[in-house]
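# Coordinates in review
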Amino acid sequence: MKRAFAFGDKSLEPAVNRVNAIRRIAVIGAGTMGQGIIQDLLTKTDFEVLVLDISDEALARCREKFDKLWARQVKGFQIRKEDAEALSVRLKFTPDYAELADADIIWEVATERGEIKAKIFEAIEKHGDPEAIAAIFSNTSSHTTAELAVLFKSEAFREKFLTVHGYFPFEANRLIDVMKGKYASNETFAFGVVFADQILEKTVIALPVDHHGYITDPLFQAMGAIVSWDVKSSRDIVELGGLWDLFTANPFTVLDQTGHMPYTESSRHLGQALPENDRLRSLYTRGKVHYPDWIAKLEKDGRIGVTSPSRKGFFAWSEKGRPRAEQVLDPATDKYVPIAEISRKDYWSYYEAAERDRRAGKIKSAESLVHVACADDAGGRAFRRYALPICLYALDMIQDRVATPGQINISTRAGLRFKVGLVEVVDALIAHLTLDGLIELVRRARDENADDPHNVEMLDVDGESGPRKGKPCLLHDMKKRNITQLLGYGRCYRTPVAEYDFDAGDYRGCYLDLKFFEPSSRDRVASIVFNCSLRGNVFNRAVVDQLTHAYSRVLDMHRDGRCGGVFFTAAGQGMRMLGADAREFNRGWFNRETGYAPLTEAEAADSSRYGVGCFRMIQRSPVASVGVFGEKWGGGAEFTYFLDLRYDVRAHGYVYDTLDRTSRWEQKNTYNQPELDYAILPGFGAAGELKRLGMGDSVIFEVFDQGMTADRAYQVGLSNGVFDDELGALRRGYERVRNMAKDAPYSRALFKKELARDADDEQLAKETGEVFNPKKNPYIKTGLLALLDRGGKRLKMDYACKDTVLPGWQYPAANGMVDADETEPSNVAGGQQGDK
């Protein structure tokens, strides 16, 4: 959003004010991760960005990357030529540490090696001004904040130091870690969290206490490490690494994309620094080495993946276009060989899991992972040998109060892109096996691997041996407390909406795609922020569950007199709100070769029923509601129709003129209902709600057929205010709902009752179900492909209606001429089905 907002939270205001005063950021390190951070900063802020690297070659590569990026964006009508020039002016390159003197934030992204970091920090201390610097960040993958803070001699610099760590690719990964450690001040920590949250627009895992690698990195590091010691052949890389494809992706594939250095350097450091009670410490020290010899040889030869000159690493990658693995390394011969299919005979549970998901219309589901975990094939043994120790490690972090269940689940979903979060997997195992059954499954895994002392220690669930000796696993504590799930799940789709708080002994809200700000006693306004800007804040099943849960909390607070209004907005530049998630319009994975796989009518009807049910609760409750948004599409626009007031931020960009066939920079539409173009229905009630808001048919057609700018919406009464500045819109919208929250509950409830009009939501759900049925709506097969297959060639729709019954319409029988035997005038105008 470029500037931060406190949402009525007085405790955030000092950090918000400091963030809004930032003008210059220095990034030390022009490599892959540094370039991602620079791109994010240039896109999401107006700051001057200084790139510092002692290598002139690295600086030249970085400059070339951005020159090419901006040229592509100008050519693709994403930005104007003058925008590219303005970006170039803001970006400075230097090898001179003296340039740090004027930086408000210094972000080190250079290396994982402690001795090199020490030299960099010495230079920062020499040239930086601790009074002027708001914060110093390090993007370390394995060090704790305290380990690095002591590299500064001055306490003043230590108080300003945080570890702030993003994930590859930084500009396209929504997760970021902010870790305080014992030296940073509370003010610096609050600043770092607000900056990462509202300026970088990331999903923030804020850790007050130190932990090696935060939450996500030690999990990913372990995914590769735990398999690597057993790799002897090319098949092992594919089949053993392929276990993680059931969750997200083969870690060896990912490491080839990111480069091996962070992995190998982190392995060295973890092998030296992990505490005695860390379950996974043996993964990083076997004798005198921290990772297997076959990985060390790759590192020595410079075969570190896609970015190496040979484009080889664990795999050999294609030379042109998007990187594609063409061969896989055989460590036994050090040669690259064809990638073999995972053995169906030995790993049949992998294939059964995929087939179960296909039949159920799911993608990498928890149920299928449980199926593999319990299987008696090589796949089941791989799950128990490699995945169960990492599940236990996650439980250790909860038990040691390093992280909460929700933080771990969000880290694996957002950072590692698990389709099902790691804690969801643990909950699913407990649901299927019971707590006792899961404990027995771990013991079974221990016995299966009795010949490997390292695995026996990692699979200790009873506190009998290894690093966790004397401290039985959290599963035993859960059994004593009668806790059978670590997460709370939503009413509609059973996606995570809450986490268990072991200290409070109850569940509390925890959201991946929303931020919830509780009301202050002064304002009595709760704020709900849609928080998945990388995907345009889409309305998917998880968001419906989270919003329903969050608004239930609002109603509880209203009942207690703590809340009288709710303020809605969206994170991200432009405050965009997209509609329903197109990925969920297809049953399971979308496959270009097989085309659209239709939802059942019941599934499609539920998407309308649950969404509208949530929106209607918001609309009819006695709580005042105001929304501030920018560009809105489909369900994102529909959501705002249910609110009491709507404020709009003008959107500008290239708009394609279909008549002149040119793109022009102008004000874009902020209200867009494109559903009819894709052969579907606005299933969240757009037509009825626009009618309720007083829009005439002509205006409604305008919204659906051409869209509507913020100024036009204000003109027709759909918008209650229009702004150019996002922060100005937030301040005005929040102030409006703060005043509305003062209304007496009884009179506001009665007022809303008088305004309410009957709406047939069940009929809408039924019709939404029907529109997704290709037997009734044959046009959906080609219409939805434009949404599902953005990169494919758009098929031409067959608009013929001869064999299709159109709802609410029948064609007249008459052809415009009088039949020879006709004696009475006939009605030649079409009518509703059933009319006579």
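Remember, it's a predicted structure, so these values are computed and weren't measured experimentally.

## Examining unusual backbone geometry
Backbone torsion omega between Phe 168 and Pro 169 reads -15°, so that peptide bond is classified as cis. Mapped onto the fold, Pro 169 is located in the loop between β6 (161-166) and β7 (175-179). Of note, Arg 661 is a non-glycine position whose phi angle comes to about 55°, a positive value. Inspection of the secondary structure puts Arg 661 in the loop between β21 (651-657) and β22 (662-672). By relative accessible area, Arg 661 is classed as exposed at 63%.

## Notes on the environment of Tyr 347
Its place among the elements puts Tyr 347 in the loop between β11 (335-338) and α14 (348-360). You can call Tyr 347 buried: its relative accessible area is 8%. Among all residues touching Tyr 347, those that are not within four sequence positions of it are Glu 239, Leu 240, Ile 342, Asp 377, Ala 378 and Gly 379.

## Description of the nonpolar core
Nonpolar side chains tend toward joint burial in soluble globular proteins. Ranked by size, the top nonpolar core spans 102 residues in total, and within it Phe 383 and Leu 475 carry the most contacts. Examining the composition of this core, we find that 14 residues originate from one element, helix α16 (residues 378-399), more than from any other. Among the nonpolar cores identified, the runner-up in size contains 101 residues, and Val 19, Trp 70, Val 497 and Val 566 belong to it.

## Concerning the pairing of β7
Summarising burial for β7: five of the five residues are buried, a large majority. Here β7 shows no split at all, with Leu 175, Asp 177 and Met 179 on one side and Ile 176 and Val 178 on the other all buried. Where β6 and β7 come together, four bridges link them in antiparallel fashion. Each bridged residue has a counterpart across the sheet, and for Val 164 the counterpart in β7 is Val 178. In terms of handedness, the path from β7 via helix α8 (residues 186-199) over to strand β8 (residues 203-207) forms a crossover that is right-handed.

## Concerning a positive patch on the surface
Judged by side-chain charge, Arg 3, Arg 23, Arg 731, Arg 732 and Arg 736 come together as a positively charged surface patch. In this structure, Arg 23 sits in the loop between α1 (13-20) and β1 (24-28).

## Some points on the packing of aromatic side chains
Applying the stated rule across the entire model yields 41 aromatic pairs. Where Phe 137 meets Phe 195, the ring centres are 6.0 Å apart and the plane angle is 50°; that geometry is what we call tilted. Of this pair, Phe 137 sits in strand β5 (residues 135-138) while Phe 195 sits in helix α8, placing them 58 residues apart in sequence. Phe 195 matches Phe 137 in its accessibility class, with the two residues each being buried. Taking 5.1 Å as the distance between ring centres and 75° as the angle between the ring planes, the aromatic pair formed by Phe 615 and Phe 684 counts as edge-to-face. On the criterion of sequence distance, the pair formed by Phe 615 in helix α22 (residues 601-620) and Phe 684 in the loop between β22 and α24 (686-692) is long-range, its members being 69 residues apart. The rings of Phe 530, Phe 539, Phe 568, Phe 615, Phe 629, Phe 639, Phe 642 and Phe 684 are connected pair by pair, giving a single aromatic cluster. Directly above the ring of Phe 170 sits Lys 202, whose terminal nitrogen or CZ lies 4.3 Å from the centroid. Directly above the aromatic system of Tyr 671 lies the positively charged group of Lys 632, at a separation of 4.1 Å from the ring centroid.

## Structural notes on the side chain of Glu 631
Mapped onto the elements of the fold, Glu 631 is located in the loop between β18 (624-629) and β19 (632-633). Residue Glu 631 is classed as buried on the basis of its relative accessible area of 8%. Of the polar contacts made by the side chain of Glu 631, one reaches the side chain of Trp 633; its length is 2.9 Å. Dropping the residues within four chain positions of it, Glu 631 is found in contact with Gly 574, Met 575, Arg 576, Met 577, Ala 651, Lys 668, Asn 669, Thr 670 and Asn 672.

## Quick notes on the pattern of salt bridges
If you walk through the whole model with that rule in mind, you get 71 salt bridges. In this structure, Arg 281 engages Glu 276 in a salt bridge whose closest nitrogen and oxygen atoms are separated by 2.4 Å. Judged by relative accessible area, Glu 276 falls into the exposed class, the value being 59%. A salt bridge links Arg 650 to Asp 711; the shortest N-O distance between them is 2.8 Å. Of this pair, Arg 650 sits in the loop between β20 (645-649) and β21 while Asp 711 is found in helix α26 (residues 710-716), placing the two residues 61 residues apart along the sequence. Linked through salt bridges whose partners overlap, the residues forming this network are Arg 279, Asp 396, Asp 400, Arg 468 and Lys 471.

What counts, and at which threshold
- Residues numbered from 1 in each chain as written.
- Predicted model: local features only at pLDDT ≥ 70, side-chain atom pairs only at ≥ 80, totals over all residues.
- Heavy atoms only, no water.
- Helix = DSSP H or I, 4+ residues; strand = E, 2+ residues; numbered from the N terminus.
- Buried < 20%, exposed > 50% of the residue type's maximum accessible area, 1.4 Å probe, protein only.
- Contact = heavy atoms within 4.5 Å.
- Core = buried A, V, L, I, M, F, W, Y, C linked by side-chain atoms within 4.5 Å.
- Pairing = 2+ DSSP bridges.
- Right-handed = clockwise from strand over helix to strand, strands pointing away.
- Patch = residues over 30% accessible without salt bridge, like charges linked within 9 Å, V, L, I, M, F, W, Y side chains within 5 Å.
- Areas by Shrake-Rupley, 256 points an atom, 1.4 Å probe, with all protein chains shown as cover.
- Salt bridge = Lys/Arg side-chain N within 4 Å of Asp/Glu carboxyl O.
- Lys, Arg positive; Asp, Glu negative; His and termini not counted.
- Charge placed at Lys NZ, Arg CZ, Asp CG, Glu CD.
- Phe/Tyr/Trp six-rings, centres within 6.5 Å; stacked < 30°, edge-to-face > 60°.
- Lys NZ or Arg CZ within 6 Å of the ring centre and 35° of its normal.
- Polar contact = N/O pair within 3.5 Å; in protein donor to acceptor, adjacent residues only side chain to side chain.

Remember that the coordinates give geometry; whether it matters functionally is a separate question.
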